[in-house]
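The chain contents come next:
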Amino acid sequence: MAPSYVPAAPLLFGLAGWSGSGKTTLGVKLIAYFTQAGYRVGTIKHAHHEFDADIEGKDSWRHRKAGAVNVIVSSDMRTAHFTEHAETAPPSLEELLERSQGLDIVMVEGFKKEPVPKIEVWRAETQKSFLYPQDTEIKAVASPETLADCPLPQLDLNNPQQIAAYILESGHFKRPV
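Cut-offs and rules
- Residues numbered from 1 in each chain as written.
- Predicted model: local features only at pLDDT ≥ 70, side-chain atom pairs only at ≥ 80, totals over all residues.
- Heavy atoms only, no water.
- Pairing = 2+ DSSP bridges.
- Helix = DSSP H or I, 4+ residues; strand = E, 2+ residues; numbered from the N terminus.
- Axes fitted to C-alpha atoms, helices over the stretch in contact; angles between N-to-C directions.
- Contact = heavy atoms within 4.5 Å.
- Salt bridge = Lys/Arg side-chain N within 4 Å of Asp/Glu carboxyl O.

(A) Highlighting the sheet that holds strand 8 (residues 154-156). Taking strand neighbours across the sheet as the criterion, the 6 strands line up as 2-5-1-6-7-8 in an open arrangement whose pairing is parallel. Looking at which strands have only one partner, the edges of the open sheet turn out to be strand 2 (41-45) and strand 8. Strand-to-strand, the axes of this sheet are offset by a mean angle of 25°, without reference to chain direction. In terms of strand pairing, strand 1 (residues 11-16) meets strand 6 (residues 118-121) through 3 bridges, oriented parallel. Bridge assignment links Ala16 to a residue of strand 6, and that residue is Glu120. This element, helix 1 (residues 23-36), spans strand 1, strand 2, strand 5 (105-109) and strand 6 of the sheet and lies at about 155° to strand 1.

Written out as structure tokens, the structure reads:
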């Protein structure tokens, strides 16, 4: 099925929320929904710690550990690009977005200080306050419950189709060309 809306530049949206709020679960559902609708989707996730996406002992891991600052692994099925930047500044979100060519939608998780339009994922069980009062880039709140006194549009966290429609139709998530 072909997308009914194909942006000139990828739509860009972020998911913000406290740990345990359901950001990743919602993100996975949105990715699946958009993909099934025919969109090419990419994600950019910021990690606050050192991580390994490579498997210890594999050739690419051994190359990185030996000192290669750029390792590209490619097969008939996928390509992975590892770049070490312990001695240089990490790439900015804009630089990472430049690597996201040919996509219709880019979902960002993390990069809290970047001016990315976001949907806040909020659950009472986290016992944490809302993020939207301190972040003007939050355009709506997705929660499993109705929120009293929330001035932003409220989306049903259990209805990814509604959230996807909001992302596509609200006009908040268009990325400048």
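From this point, the narrative continues.
(B) Representation of the pattern of salt bridges within the structure. Evaluated as defined, the whole model comprises 3 salt bridges. Put simply, Lys45 and Glu109 hold a salt bridge, and the shortest N to O gap is 3.8 Å. With Lys45 in strand 2 and Glu109 in strand 5, the pair connects residues that are 64 residues apart, well separated along the chain.

Honestly, that's just the spatial picture; any functional story needs more than this.
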